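Secondary and tertiary structure notes
The residues making up each chain are set out below.
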Amino acid sequence: MEEEIELVLDKYRKAGRILAEVREGAVAKVKEGALLLEVAEFVEQSTREKGGEPAFPCNISRNDEAAHATPSIDDETVFGKDVVKIDIGVHVDGYIADSAVTVDLSGEHAELVKASEAALDAAIKVIRDGVSTIEIGEVIEHTIRERGYKPVVNLSGHGLARYNAHIPPTIPNVRYEHGAVLKENDVVAIEPFVTDGAGKIAEHGTAEIYSLIKAKPVRVHEAKKLLKAIEEYQGLPFAKRWLPRERLDLALRTLRNSGALREYPVLREEGGGLVSQTEHTVIVQKDGCEVTTRHP
Ligand code: CO
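Just so it is clear, the structure is predicted and the values come from calculations on it, not from any experiment.

Cut-off values and rules
- Residues numbered from 1 in each chain as written.
- Predicted model: local features only at pLDDT ≥ 70, side-chain atom pairs only at ≥ 80, totals over all residues.
- Heavy atoms only, no water.
- Core = buried A, V, L, I, M, F, W, Y, C linked by side-chain atoms within 4.5 Å.
- Buried < 20%, exposed > 50% of the residue type's maximum accessible area, 1.4 Å probe, protein only.
- Helix = DSSP H or I, 4+ residues; strand = E, 2+ residues; numbered from the N terminus.
- Contact = heavy atoms within 4.5 Å.

**Topic: the nonpolar core**
Ranked by size, the top nonpolar core spans 26 residues in total, and within it Ile 127, Ile 136, Ile 140, Leu 182, Ile 190 and Val 282 carry the most contacts. Examining the composition of this core, we find that eight residues originate from one element, helix H3 (residues 110-126), more than from any other. With residues near it in sequence (within four places) discarded, Leu 182 still touches Ile 127, Arg 128, Asp 129, Gly 130, Val 131, Thr 133, Ile 136, Pro 169, Val 188 and Val 284. Listed in part, the 22 residues of the second largest apolar core include Ile 18, Leu 19, Ile 86 and Val 92.

**Regarding unusual backbone geometry**
What is expected of a backbone is that most residues other than glycine have negative phi and most peptide bonds are trans. In this structure, the amide linkage connecting Pro 168 to the following residue, Pro 169, adopts the cis form with an omega of 5°. In this fold, Pro 169 is placed in strand S7 (residues 164-172). Positive phi, close to 70°, is recorded for His 68, a residue that is not glycine. Here His 68 is to be found in the loop between strand S2 (65-67) and strand S3 (83-92). Of note in this structure, Asp 74 is not a glycine but carries a positive phi near 55°. Turning to its location among the elements, Asp 74 is positioned in the loop between S2 and S3.

**Quick word on the environment of Leu 35**
Note that Leu 35 resides in the loop between helix H1 (2-29) and helix H2 (36-49). Each C-alpha atom of the pair Leu 35 and Val 78 lies 4.3 Å from the other, and the pair is 43 residues apart in sequence. Excluding anything up to four places from it in sequence, Leu 35 contacts Asp 75, Glu 76, Thr 77, Val 78 and Phe 79.

Below, the structure written as structure tokens:
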């Protein structure tokens, strides 16, 4: 049993090491005038080259977008003087590393970025076997408010499991009255989101990211073929641009209408505020935690 746990944790660690390298390469590519699509494809390709698989499409969310933005097929959007969030997921045999970084291309929002970094650091310091998510939320909220910003209340950290990027416990970015207790060997992602806006996000526009909830019978040939391709992702999120292009819109619409897919529309700050995000994945230990996604 003990041995089995170690084997699993080693896969989480390997995913984390791959992610840390990929993230460093990606940050170097985030420059004014560079294509978003090039950065996303770099992240996903180099993940595979290093022996991992994307656990979800590379999210590139800018300014008041908090999450779930990813380039579309043949996307020609380039970076401007943006506040850029790069959120990356890597898995090894289903065991996931999840990490995000904010790059400020405006040169004017360093303090906003520092606030989410400091909140994450403060959270990591209190994580140990027996810690309550109430305490983690409190530390994150305090660190952010101390710096004159707001935490995004309806985005939170989360547990990770094999082929599942979002399981309980929820790890809030604010202090709630009720919480869960973390125990040794739990694997969780901590992700403070900070804003100078309203402190809340809402879904916006159409989705480029989907996941398969449950395959439902479909008669359209293209939809059947697409379903087969999608089943490869084992329930993890995928991007529309990853799919075979042949009659893609028809096939995707058919699957959506059958109720097989979950959609992930872009999440935007409700007050139009700028958002920064910093995220690491950690393994809870007796007296602390091990950050799997930090550069050694
Ligand atoms: Co996450």
